[in-house]
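Residue-level listing of the chains:
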Amino acid sequence: MIRDSDRRAYVREQIEFIRRSSDEDVHEVIIKAGLPESNDQLLVTTVARALQRRSLSTSPRDVLPIRRELLEEASKRDVPKGRRTLAALKRSHLEDQSLAAQVARRTERPQALRNLREHTLAAMRPLMQSAVIQDSLATEAGRRRRPADPQPRAFWTSGSFLVRMKDKELPKLIDADAADGIEGVYLNRKLLVPPMVTPKQLPQSVEDNKVSAWGIRMIGALAVWGAFGCRGRGIKVGLLDTGVDATHPDLVGKIAAWAEFDAKGERVLKSTTPHDPDGHGTHCAGTIVGGNASGRWIGVAPEAEIAAALVISGAKGGTDAQVLAGIDWAIDQGVDVINMSLGGLIWGPDVPSTYTSAILNALRVGIPVVTAIGNEGSQTSGSPGNDLFAFAVGATDYRSWAAGFSGGRTQVIRKSPFFPADSLPLVYSKPDISAPGVAVLSAAPNGDWRHLNGTSMAAPHVAGAVALLLSATDIKDAVKPHERAFVIQDLLTGSAEELGEAGQDHRFGFGRLDVLRAIGFAKDLGY
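Residues numbered from 1 in each chain as written. Predicted model: local features only at pLDDT ≥ 70, side-chain atom pairs only at ≥ 80, totals over all residues. Heavy atoms only, no water.

A. Up close: the overall build of the protein. From N to C terminus, the protein includes 18 helices and 20 strands. Here the protein has a C-alpha radius of gyration of 22 Å; the compact-globule value for 527 residues is 24 Å, and the two agree. In the protein, which comprises 527 residues, the proportion classed as buried is 60%. Put simply, 80% of the contacts in the protein that link residues at least 6 apart link residues at least 24 apart. Here the protein has roughly 20,200 Å² of accessible surface; of this, 49% comes from carbon and sulfur atoms. (Helix = DSSP H or I, 4+ residues; strand = E, 2+ residues; numbered from the N terminus. Rg over C-alpha atoms; globule rule 2.2 N^0.38 Å. Buried < 20%, exposed > 50% of the residue type's maximum accessible area, 1.4 Å probe, protein only. Contact = heavy atoms within 4.5 Å. Areas by Shrake-Rupley, 256 points an atom, 1.4 Å probe, with all protein chains shown as cover.)

B. How the structure looks around the pattern of salt bridges. Scanning the model with the defined rule gives 21 salt bridges in all. One salt bridge in this structure joins Asp 397 and Arg 399, with 2.6 Å as the shortest N-O distance. Look at Arg 399 and you get partly exposed, because its relative accessible area is 41%. Taking the shortest distance from any N to any O, the salt bridge between Lys 430 and Asp 432 comes out at 2.8 Å. Here Lys 430 matches Asp 432 in class, with each residue buried. Residues joined by salt bridges that share partners form a network here, namely Glu 28, Glu 140, Arg 164 and Lys 264. (Salt bridge = Lys/Arg side-chain N within 4 Å of Asp/Glu carboxyl O.)

C. Looking closely at the layout of surface pockets. Estimated volume of the largest pocket: approximately 780 Å³. Taken together, 23 residues line the largest pocket, and the ones lying closest to its centre are Gln 14, Phe 17, Tyr 186, Val 351 and Pro 352. Secondary-structure elements contributing two or more residues to the lining of the largest pocket are helix 1 (4–21) and strand 4 (182–187). Among the residues forming the lining of the largest pocket, the class breakdown is eleven nonpolar, six polar and six charged. The volume enclosed by the second largest pocket comes to roughly 350 Å³. Forming the boundary of the second largest pocket are 18 residues, of which Glu 140, Arg 146, Asp 149, Lys 264 and Glu 266 lie nearest the centre. Every element with two or more residues in the lining of the second largest pocket is listed here: helix 7 (131–144) and strand 3 (160–166). Per-element tally for the lining of the second largest pocket: the top contributor is helix 7, with four residues. Considering only residue class, the lining of the second largest pocket consists of seven nonpolar, one polar and ten charged. (1 Å grid on protein atoms, 1.4 Å probe; cavity = no way out; pocket = protein on both sides within 12 Å on 5 of 7 lines; lining within 4 Å. Points joined across faces, edges and corners; volume = space filled by probe spheres on them. Nonpolar A, V, L, I, M, F, W, Y, C, P; charged D, E, K, R; others polar.)

D. Region of the structure containing the packing of helix 15 (residues 455–472) against helix 17 (residues 481–494). One way to put it is that helix 15 packs onto helix 17 with a least axis distance of 11 Å and a crossing angle of 110 degrees. Here helix 15 is positioned roughly perpendicular relative to helix 17, judged by the angle of their axes. Like other packed secondary-structure pairs, helix 15 and helix 17 cross with a definite hand, here right-handed. Between helix 15 and helix 17, the residues in contact are Val 462, Ala 465, Val 466, Leu 469 and Leu 470 and Ile 488, Leu 491 and Leu 492, respectively. Split by residue class, the contact of helix 15 with helix 17 holds eight nonpolar, no polar and no charged. (Axes fitted to C-alpha atoms, helices over the stretch in contact; angles between N-to-C directions. Parallel < 35°, antiparallel > 145°, perpendicular 65-115°, else oblique. Left-handed = near helix turned anticlockwise from the far one by under 90°.)

Right, here's the structure in full:
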C-alpha cells in the first residue's frame, strides 16, 4: 500500500481535477475513507494478481474453477499430507487461472455481513466527525436554513460518504487532522439512463422464435429448464435500475422488495409502491424473471424473484450516491446477485475507484455484481461496468456477432491507495463475458412488450443465468460465502462459447454466455 505522503498527493490530484473540471462554487463530493482492514488488503492483492494471471489465458476453459473437494482443501489452514492432494493444491495455487482457486488459498477468516457493516461504519466515523467535514455540514445547513445533520450520508459497502463543500474549502481536506484517513475524493456524478433503441425491422430469425425470446434460447436457458427442472426458484436478484412495473403480467408476484433513492442517496419513503417512470428497469426485470404472458417466454429464471431499487429515473437521471445507496440496500436484502445496467461514460483507460470497495464487499459475502459495459462502442467503457471487480457484460446479436454499440477496452489503474504498490500499474480488459443484447424481447410498462438493443439488455441475461446456476447446483449452500461469487463467475466465464480472439478480448470478453454448459461443468466439478 502507498505511504501517507503519497496518499495525500493522490487525493490532492483528485481535488485539483474536481476544481478544474467544474465551475461550481459548491461541489457535491463522495469521500472515500481509507479503511485499515488487513483482510481487504489481502483479498485485493489476491484477486488483482489472479486477474493478471487470468489475462494470459487463451481459452475460457482455462478459468474454470478447481474441483469442489480441492477448493475445500485449499481453504483449510491444515492441508492434508497426502502426496496427490498436496500436488493438486500446489498446482491450484501456482498455476490455476481461476479466481476461486486463488481466493481459497487466503488464510483470513471471512466476516459476517453484520460485523462487516459495523466495522466499516466505525472505521469511517473519525473522518466523518472531523472538523473540516462538520464545518461543511454546518455551512450547508445554514445555507438551507435548517439544523445541521449530525453526520453526512454514509454508504457502508463502499466506505464512503456524501458531503457538499465549497470550492475553496476542498483543499482543506489535505491539511485536516483526518486527512490520512481519506482514500479518494470523487464528484457525485450525474448518471443518465442508457439510451433504449427499438430496431425498426426485426430479422426473420428473431421473429421465428415463437416459443421464447431468442436470447434465452441462445444461452441455453430453455434447455436448463428441461434438463434439470430448475427455473431459479429460491433465488433473489437485486435490480438497481429505473424501478419496475410490478403490475406487468409477466412480473406479478415476483417483486420481493422495493426501495427508491434520491440524488443524495437518501431513501424516498413517500413512494412505497413499485413503479418505473422510464421502462428500462421493467425491461431488465422481464429478461431476468419474466414469464410467458405474451405467449413467449421472456425471462431466463422465471421462478426467481427480484429486489428492485429505483436509483436512476428517466430524464432526471441518477447519481453515484443513488447507486451506492442501492448497493447497500440490495446486500442488506440478502440478494444472491446484483444487476446494474447503468453507468457513466469514461473516456480514458483510467478507472475511478468510486465503486471498487462496494463491489468487493459484495463479492466477500458471495454476491456477484453484474454490470453493463456501455453502449458507446468498441474502445469505450462506462463506470461501474469497467471496475476491476465488476462482472462486465458486452452485447451480441442473434448471429453471435458483437453489437457495434457494445463497449470494451483495456483498462488501467495507474495510481491508487487501494491496490498494492507492486501491482501497479494494474492493466486488465473488459468485458468479462457477452450475452444477447440486440432485438431483445422483454416487458414494458403498462402490460406491453418491446424489442430493445443495448448492453443493458445483455447484463440481465447473465444475472438470470446466475439464478439458474444457483438453483440447479449446491453452490449457494455448499460453497463458503467469501468464495461463492468467484466460483459463480469462474463457471460462467469458463463455460462461455468462445467467439473472438483466443482468450479474453474487447468485443466478447471470454465469449458468449452458455448457462447450460456452465451447469454441466458445475456438476462435473462437484458443485
